[in-house]
Structures are given as structure tokens and as C-alpha cells.
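Overview (structure and organization)
Each chain, written out:
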Amino acid sequence: MAVNLTQEELKQYDGKNGRKAYVAIDGTIYDVTDVDAWKNGEHHGNVAGKDLSEVILKAPHKKSVLPKLPVVGKLV
């Protein structure tokens, strides 16, 4: 079931206190909750609940990890 979230709504999916951890890349929202590297909603100084479209371009893996992640919906 795909959902549409605004930037403001996305902020609540920060991976803290048992909440799901979502990140947006190029308008698509991905669930990183069960990714070990995203424990507690943090990964190499980045935090879940944000649009990381620019940040991922600087990551060593670039966008190659995205096909492995569950898609939640769209950033609107």
C-alpha cells in the first residue's frame, strides 16, 4: 500500500523510540527500518525522516542500494 507523505509528515518516521525509519530519494520514500546500517534511524551522520536525494549522491554506494529497499510511497 503506497502512501503520500509531505516533508513535515516524513519527519515523524525517524527510527527513534520504535518508530519506522523512512528516507526520501528523488520523490520516492523508502523504508530503512530493518537495515542494520540504519540502526536507530541514523547512518553515517544522516538521519531518517528526511529527503536525502542530495546526500545519497555523495555516498560510496550512490543509488545502487535503492532497489533492495521496500518502497513506502511518494513524497508530495
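Cut-offs and rules
Residues numbered from 1 in each chain as written. Predicted model: local features only at pLDDT ≥ 70, side-chain atom pairs only at ≥ 80, totals over all residues. Heavy atoms only, no water. Pairing = 2+ DSSP bridges. Helix = DSSP H or I, 4+ residues; strand = E, 2+ residues; numbered from the N terminus. Axes fitted to C-alpha atoms, helices over the stretch in contact; angles between N-to-C directions. Core = buried A, V, L, I, M, F, W, Y, C linked by side-chain atoms within 4.5 Å. Buried < 20%, exposed > 50% of the residue type's maximum accessible area, 1.4 Å probe, protein only. Contact = heavy atoms within 4.5 Å. Phe/Tyr/Trp six-rings, centres within 6.5 Å; stacked < 30°, edge-to-face > 60°. UniProt positions renumbered as here; feature names shortened; annotations may be inferred.

What holds strands together in a sheet is hydrogen bonding between their backbones, with the strands either parallel or antiparallel. Taken together, the 4 strands give an open sheet; going across it, the order is β1-β6-β3-β2, and neighbouring strands pair in mixed fashion. Because the sheet does not close on itself, it has two edges, and the strands there are β1 (3-5) and β2 (22-25). On average, each strand axis in the sheet is tilted by 35 degrees relative to the strand beside it, whichever way the strands run. Pairing analysis gives 3 bridges linking β1 to strand β6 (residues 71-75), with the strands arranged parallel. From the neighbouring strand, Val3 faces β6, where its bridge partner is Gly73.

The next thing to look at is the nonpolar core. A general tendency of soluble globular proteins is for nonpolar side chains to be buried together. Residues Ala21, Val23, Ile25, Tyr30, Val32, Trp38, Ala48, Leu52, Ile56, Leu66 and Leu69 constitute the largest nonpolar core, which totals 11 residues. Setting aside chain neighbours within four positions, we find Trp38 in contact with Val23, Val32, His43, Asn46, Val47, Ala48 and Leu52. Leu5, Tyr22, Ala24 and Val72 belong to the second largest nonpolar core, which has 7 residues in total.

With that settled, consider the packing of aromatic side chains. Considering all chains together, one arrives at 1 aromatic pair under this definition. With centroids separated by 4.4 Å and ring planes inclined at 15 degrees, the aromatic side chains of Tyr13 and Tyr22 adopt a geometry described as stacked. Assessed through its relative accessible area of 10%, Tyr22 is described here as buried.

Here, the residues flagged by UniProt with the feature "domain: Cytochrome b5 heme-binding" (unreviewed entry) are residues 5-76. Secondary structure across residues 5-76 divides into 6% helix and 25% strand, with the first and last C-alpha atoms of the span separated by 6 Å.

It is worth spelling out the pairing of β2 at this point. Of the two faces of β2, the one carrying Tyr22 and Ala24 and the one carrying Val23 and Ile25 are both buried. Taken together, β2 and the strand that follows it, strand β3 (residues 28-31), pair antiparallel across an intervening segment of 2 residues, in which Asp26 is found at a positive phi of about 50 degrees.

The next subject is the environment of Gly41. Assignment of secondary structure puts Gly41 in the loop between β3 and β4 (42-43). Sequence spacing of Gly41 and Asp31 is 10 residues, and the spatial spacing of their C-alpha atoms is 10 Å. Contacts of Gly41, omitting those with residues within four sequence positions, involve Asp14, Gly15, Ala21, Asn46, Val47 and Ala48.

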